[in-house]
Amino acid sequence: MLLENKNAVIYGGGGSVGGAVARAFAREGARVFLAGRTLATLDKVAEEIRAAGGVAETTQVDALDERAVDQHADAMA
């Protein structure tokens, strides 16, 4: 797997494009961290990834809030 043992942080992970990217990264073995404003849509994508055998976590973050993004990035480190 191309991304095995790698982490992927995807802002907007609950949307159609972000969700597709998250699913593709997970299929390649990445541990996916989905971030966005709406937990319900993030959780739906995360459940799909988990059902397919992947690893996904969700966090509510507004990507337009610089402080929130910085705090989220610090938490990922």
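Here, every reference points to the structure presented above.
For clarity, every value in this text was computed on a predicted model and none was experimentally measured.

Mind showing me how you'd approach helix α2 (residues 39-51) here?
Count 3.6 residues to each turn of an α-helix, and residues three or four apart come out pointing the same way. Compared with an ideal rise of 1.5 Å per residue, which puts 13 residues at 18 Å, α2 spans 18 Å between its outermost C-alpha atoms and is within 8% of the ideal. Within α2, the full set of buried residues consists of Leu42, Val45, Ala46 and Ile49. Angularly, the buried residues of α2 cover 100 degrees about the axis, an arc narrow enough to put them on a single face. Seen from the buried face of α2, the exposed residues on the opposite side, beyond 90 degrees, are Ala40, Lys44 and Ala51. Looking at the buried residues of α2, the elements they touch are α1 (16-27), β2 (31-36) and β3 (55-60).

For this particular structure, what's the right way to read the sheet that holds strand β1 (residues 7-11)?
Working definition: the strands of a sheet are paired by backbone hydrogen bonds and lie parallel or antiparallel to each other. Taken in spatial order, the three strands line up as β1-β2-β3 in an open sheet, and their pairing is parallel. In this open sheet, the two edge strands, each paired with only one partner strand, are β1 and β3. Strand-to-strand twist of the sheet, defined as the mean angle between neighbouring strand axes without regard to direction, takes the value 20 degrees. Inspection of the sheet shows β1 paired to β2 by five bridges, in the parallel sense. Each residue of the ladder has a partner; that of Tyr11, found in β2, is Ala35. Contacts from α2 reach β2 and β3 within the one sheet, and its direction differs from that of β3 by about 175 degrees. Strands β1, β2 and β3 of the sheet are contacted by helix α3 (residues 66-76), whose axis makes an angle of about 165 degrees with β1.

Would you take a moment to explain the pattern of salt bridges for this structure?
Opposite charge on two side chains permits them to pair, given that their charged atoms come into close proximity. On inspection of all chains with the given rule, the structure shows three salt bridges. Note that Arg31 is salt-bridged to Glu57, the shortest N-O span being 2.2 Å. Of the two residues, Arg31 sits in strand β2 while Glu57 sits in strand β3, which places them 26 residues apart along the sequence. Using a relative accessible area of 31% as the deciding quantity, one classes Glu57 as partly exposed. The partner of Arg50 in a salt bridge is Glu47, and the shortest N-O contact between them spans 2.6 Å. With Arg50 and Glu47 both in helix α2 and three residues apart, this pair spans about one turn of that helix. Of the residues examined, Glu47 reaches a relative accessible area of 47% and is grouped as partly exposed.

Calculation notes
Residues numbered from 1 in each chain as written. Predicted model: local features only at pLDDT ≥ 70, side-chain atom pairs only at ≥ 80, totals over all residues. Heavy atoms only, no water. Helix = DSSP H or I, 4+ residues; strand = E, 2+ residues; numbered from the N terminus. Expected span 1.5 Å × (residues − 1). Buried < 20%, exposed > 50% of the residue type's maximum accessible area, 1.4 Å probe, protein only. Arc of directions from axis to C-beta. Contact = heavy atoms within 4.5 Å. Pairing = 2+ DSSP bridges. Axes fitted to C-alpha atoms, helices over the stretch in contact; angles between N-to-C directions. Salt bridge = Lys/Arg side-chain N within 4 Å of Asp/Glu carboxyl O.

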